[in-house]
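One letter stands for each residue in the lines below.
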Amino acid sequence: MKKALLRLIGFSMTAIACFTFGFAWRDLRHGELPLGSTFQSLVSSVSSKPMPSAEQMFRDTYNRILGSYVRPLKARDLKYAGIQGMMQSLGDPHTMFLLKKEADEFTTETRANLVGIGARLQGDLNGAKAARVFETGPAYRAGMRSGDVISQVNGKPMKGKSLQDIVDTIKGEEGTSVRLQIERASNPKTLSVVVRRSRVVIPTVDSQYLEASRMGYILVSTFSEPTAEQFDEELAKLERKKIVGLIIDVRHNPGGLLDSAREMLSRFAENRVVVKMKFRDGNEEIAKTYPGLAKHFGYPVAVLMNEDSASAAEIFAGALKDYNLATLVGTHSYGKASVQNVFPLVDGPSAKITIAKYYLPGGFDISRKVDEEGEYKSGGLEPDVKVEMDYDDDKVILGDPKTDPQLKRAIEVLQTKAR
Amino acid sequence: MNPVGKSLISGVAVAALALSVVGGDALRAHVESGGLALVAKQTHPADSVDTAGLLVSISDVPEGDYFREMVRLLRREYVEPIPNERKLAIGAIRGMVGSLQDPRSLYMDVDEFRIYSNAASGRYEGIGVDLIFDDGNMGKTYFAPVDEPLDPAASESIALPRLKVVALTPGGPADRAGVKAGDWVDSIDGHWVIGPDLIKKFREDSQRATPSATKNLPPAEIKKREEIAASTRRLFRTQLKAAMRPTKAKNLLTSGVSGTHKIVWRRTGSVRTTQIEKAQSAMPQTATPSGALALRFVSGASERLENATRDKTQITIDLRNNTFGDFAEMKACLTVLAPSGGYGTVQSPRVGKSRAVKVENGSKEKLLINLIVDETTRGPAEAFTLALQTSNLAKVTGKTGGDRTVLETFSLADGSGYTLVVGEYIPEKAQTKAKAAARMDGLQRTAARDQARGDA
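Position labels on residues start from 1 in each chain and follow its written sequence. Here chains are named by letter from A upward and ligands by number from 1 upward, in the order in which they appear as written. Local features in a predicted model are, by the rule used here, given only for residues with pLDDT of at least 70; side-chain atom pairs are given and counted only at 80 or more, and totals for whole chains, interfaces and linings are based on all residues. The basis for every side-chain value is the complete set of non-hydrogen atoms in the structure, without hydrogens or water.

1. Overview of the overall build of chain B
The following threshold applies: Helix numbering and strand numbering both begin at the N terminus, where a helix is a DSSP run of H or I of at least 4 residues and a strand a DSSP run of E of at least 2. Each residue gets one of three labels from its accessible area relative to the maximum for its type: buried under 20%, exposed over 50%, partly exposed in between, using a 1.4 Å probe on protein chains only. We call two residues in contact whenever any of their non-hydrogen atoms come within 4.5 Å of each other. Values of accessible area rely on a 1.4 Å probe in the Shrake-Rupley scheme; residue burial ignores everything except the protein chains shown.
In terms of regular secondary structure, chain B is built from 14 helices and 19 strands. For chain B, with 456 residues in total, the buried portion stands at 46%. Within chain B, residue pairs in contact and separated by at least 24 positions form 67% of the contacts whose partners lie at least 6 positions apart. Taken as a whole, chain B presents about 22400 Å² of accessible surface, with 54% of it coming from carbon and sulfur.

Here you go:
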């Protein structure tokens, strides 16, 4: 009798042990112990009403809003807004749900290629201002210049319209034409131009020969597909002038393609580590510069950066610093230490998801930390020479050695190095 | 016992142990996802929407499937583990409510919702005020989402609602400091709550100084305009740098029971500075000195009203400082006081969505009803007043606030919640349909979003 009872107790305890093992299996598999709260939720889920599933919560609210809201809604827009909110709740500013239009714009940005008139537009009270007219584009050929304000498109006034509306009105099919009315500060009369929409490669690299110091200045605005090639072209132009120093400006460069930064770095060094990437499942990958593309820079190089230099721009600056091939001047960079992949979805939108974290060759983690307000606390790459600057100051012109304090300092640093 | 029996028992025992392991895992799945993993498969017979499925087939994916597949995609690819699916659902709900771009349809997190629910019952924290994001009847404009930081590049073309006081707890901190209904918040402790007025001034002053506006003016005038524009730009930039989000401002003023704040208030023609200490305060349950009933439209209101009117020939109800509550509860109160019949409509511009407000099994008693109202009587309280007034069932002292928006409030499983505008209350024998429709048009918005630049 006693033996049977003992056997029963032994069996029951083994059964309980097995059950607990099964319950904790998903944690044990990852080498962790289950949280106490997990067991707590077990008790509460058994004793109280079951909580609705996440999917159910989403569906219920979706249907309620669609059914009851006072204004008519497009079901698809509501659904997408929900998915956008869902991805935002991860708290990662680089993981997001892109609607088809946004996804297309993102692709245009990384490819640096589109069909249009070849101008970068900004909002203006009288329409849209062409902050930049690309010299290789049709707008330039038709006579437009940087600073021109577009006040009418095909006879329709643009004053008061949103920038996006104006851009949409100007864009169109390749080969078709658009008539633009231009206000130019230096001309009291209104000008009219007809521009033929063509395929335009967006310049992402600009250069300037700085006469006084005999140095070259190259502005890289994003790291897109053609950037490394465009860099080669601009550098060739400057080297013909026999520059004694080179300043590469990546301030306000939000980054772009990792591969583009890698290509540009390959001009400086071959087979060197660019970044080390760590993925979700613990997998690591190392990206290196390509062999056979490195050239000899017979002069010192400085890189200008600021808090808006992010991602590929930081990688570029950080790698050059690590190879001891450039001096970093300016303020700390943004601190984006992650890599994203864009997953196109069947119905048009895309999901841009952070798939890995990266570390610079030095090994350290530059990821940005913010406080509750979203204000910068720490992170980013630190410059070698720190120079603060007020970008809102109307007297400052970026790229002008007379009024740009960060550029001025970079020139001084290079002059000391050249000696 | 014979050997066959013994091995049978051993076999059963081993099977039972194996089942325990599986059972443990299954129960864990239940706990994690709120549904037994096995059962979930059954309730979605048309599943097999393979994760790759979202990437390659089907054209219009139903919302529930879309959500589920996106979660799966994240679980597979996102660099961090996804700890809590419900948090994702709440994020989705926030996104949907936010996309309405409606200053009156708002998501509230757990704390905000608790404060809202307490206030509906008359229990207040903070400085003792009801605040709303007032769109000021601005018609066709795009509103910045109130809980996102103000983007300086986009700020030139968006409108912002005002954070306005619509009611105060009598004798509460704000009331004692002289704050009045209709005041709106200008700044809190030196942080600006940027509203439509500065943006309008910025746009106007800047436009007046542009080359095309000053083409044929004398140089002295041009210089004057440029100086005004520069000074407004500086003011705007200063305020932007020290700005406080409207939602943060609202929460700061309505939560917590300690702490003193310097608050600057505006109303047309005046600016006032106050120092106010937060404390608990309450809306009265009976008003002094007459002992009138202060009726809040929350659960239990109709019972309170029944008890207050039983065996009575008259009742005085004070509906001041009564700006929100439950519309259904208000209807139940109408049923206590009014005979069966029609009492107007909750009008919606959507086809087939307008609902008549009908009282069934109404009161058969003849009751003398007195209502005390003023500009702080809004929402369900205003509808209640108008319903009784237009049917000549009540004598009304004062004029209501003019807010007939009908809101529904929904609570979510995690304790948060949201309000949703479902229509506007139009009393019986009131304005023509055309006028009501015109007011609805004023709520139309264009969802144009500006970027800092656009490549064309």
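2. What to know about the sheet that holds strand β16 (residues 327-330) of chain A
Residues and elements named next belong to chain A. The test is simple: By definition, two strands form a pair when at least two bridges between them are found by DSSP. In this analysis, axes come from line fits to C-alpha atoms, helices being fitted only over the stretch in contact, and the angle between any two N-to-C directions falls in the range 0 to 180 degrees.
Taken in spatial order, the six strands make up an open sheet running β10-β11-β12-β15-β16-β21, and their pairing is mixed. The open sheet is flanked by β10 (205-210) and β21 (385-386), the only strands paired with a single partner. Here strand β11 (residues 215-220) runs beside strand β12 (residues 246-249); their pairing, made up of four bridges, is parallel. Across the sheet, the residue bridging to Tyr217 is Ile247, located in β12. Strands in contact with helix α10 (residues 312-322) are β12, β15 (301-305) and β16; relative to β15, the strand with the most contacts, it is inclined by about 145°.

3. Side note on helix α4 (residues 63-77) of chain B
Residues and elements named next belong to chain B. Rules: Take the number of residues in a helix, subtract one, and multiply by 1.5 Å to get its expected span.
Counted at 1.5 Å a residue, the expected span for α4 with its 15 residues is 21 Å, and the 21 Å between its end C-alpha atoms agrees. When you tally the buried positions in α4, you get 11 out of 15 residues, the bulk of the element. Listed in full, the buried residues belonging to α4 are Glu63, Gly64, Asp65, Tyr66, Phe67, Arg68, Glu69, Met70, Val71, Leu73 and Leu74.

4. Some points on the pairing of strand β5 (residues 184-188) of chain B
All names here are of chain B. Judged by how many residues are buried, β5 sits mostly within the fold: five of five residues are covered. Sheet analysis places β5 next to strand β7 (residues 260-267), joined by four bridges and oriented antiparallel. Note that in β7 the partner of Ile188 across the bridge is Ile263. Of the strand pairs in this sheet, β5 and strand β6 (residues 191-192) are connected by two bridges, and their pairing is antiparallel.

5. Structural notes on the side chain of Arg378 of chain B
Residues and elements named next belong to chain B. For clarity, the cut-off: Polar contact criterion, stated in full: a pair of N or O atoms within 3.5 Å, where within protein one must be able to donate a hydrogen and the other to accept it, and residues adjacent in sequence count only if both atoms are side-chain atoms.
With respect to the helices and strands, Arg378 occurs in the loop between β15 (368-372) and α13 (380-390). Arg378 gets classed as buried once you look at its relative accessible area, which sits at 10%. A distance of 3.5 Å separates polar atoms of two side chains, one belonging to Arg378 and the other to Asp403. What Arg378 contacts, discounting residues up to four positions off in sequence, is Ile132, Val166, Asn322, Thr323, Gly401 and Asp403.

6. A short note on the pattern of salt bridges
Note the following rule: Between Lys or Arg on one side and Asp or Glu on the other, a salt bridge is scored when a side-chain nitrogen of the former is within 4 Å of a carboxyl oxygen of the latter.
Under the counting rule described, the total for this entry stands at 37 salt bridges over all chains. Here Glu239 of chain A ties to Lys295 of chain A by a salt bridge, and the two come within 2.7 Å at their closest N and O atoms. Here the residue Glu239 of chain A occupies a position in helix α8 (residues 227-239), and Lys295 of chain A occupies one in the loop between β14 (284-288) and β15, the gap between them amounting to 56 residues. Of the residues examined, Glu239 of chain A reaches a relative accessible area of 27% and is grouped as partly exposed. Residue Lys295 of chain A is classed as partly exposed on the basis of its relative accessible area of 29%. The shortest N-O distance in the salt bridge between Lys278 of chain A and Glu284 of chain A comes to 3.9 Å. Taking relative accessible area as the criterion, Lys278 of chain A reaches 36% and is therefore assigned partly exposed. One network of salt bridges, in which partners are shared, links Glu55 and Arg59 of chain A together with Asp65 and Arg68 of chain B.

7. A closer look at the environment of Leu180 of chain A
Residues and elements named next belong to chain A. Along the chain, Leu180 turns up in strand β7 (residues 177-184). On the accessibility criterion, Leu180 (1% relative accessible area) is buried. Taking the C-alpha atoms as reference points, Leu180 and Val193, 13 residues apart in sequence, are found 5.3 Å from one another. In contact with Leu180, other than residues within four places in its own chain, are Ile117, Met144, Ile150, Gln152, Val153, Ile170, Leu191, Ser192, Val193 and Val195.

8. Remarks on the nonpolar core
Quick reminder of the rule: Here, nonpolar core refers to any group of buried Ala, Val, Leu, Ile, Met, Phe, Trp, Tyr and Cys residues whose side-chain atoms link them within 4.5 Å.
Judged by nonpolar contacts, the single largest core of 96 residues is most densely connected at Met86, Leu246, Ile248 and Phe316 of chain A together with Met70 of chain B. Filtering out sequence-adjacent residues up to four positions away, Phe316 of chain A remains in contact with Phe223, Ile248, Val250, Ala261, Met264, Leu265, Phe268 and Val303 of chain A.

9. What to know about unusual backbone geometry
Residues and elements named next belong to chain A. The phi torsion at His252 lies on the positive side, around 65°, for a residue other than glycine. Mapped onto the elements of the fold, His252 is located in the loop between β12 and α9 (258-266). When its relative accessible area of 33% is taken as the criterion, His252 is described as partly exposed.

10. Overview of the packing of aromatic side chains
Residue and element names in this part refer to chain A. What counts is decided by this rule: Any two of the Phe, Tyr and Trp rings considered here, Trp counted by its six-membered ring, make a pair once their centres fall within 6.5 Å; the pair's planes then place it as stacked at under 30 degrees, edge-to-face at over 60, or tilted in between. Two conditions define a charge sitting above a ring: the NZ of Lys or the CZ of Arg must be within 6 Å of the ring centre, and it must be within 35 degrees of the ring normal.
What the rule picks out here adds up to 16 aromatic pairs over all chains. Taken together, Phe223, Phe231, Phe268, Phe297, Tyr299 and Phe316 form an aromatic cluster joined through their ring pairs. For the cation-ring pair, Arg145 lies above Tyr140, with the distance from its terminal atom to the ring centre recorded as 3.8 Å. Above the ring of Tyr334, the side-chain terminus of Arg368 is found at 4.1 Å from the ring centroid.

Treat this as a map of the structure, not an account of what it does.
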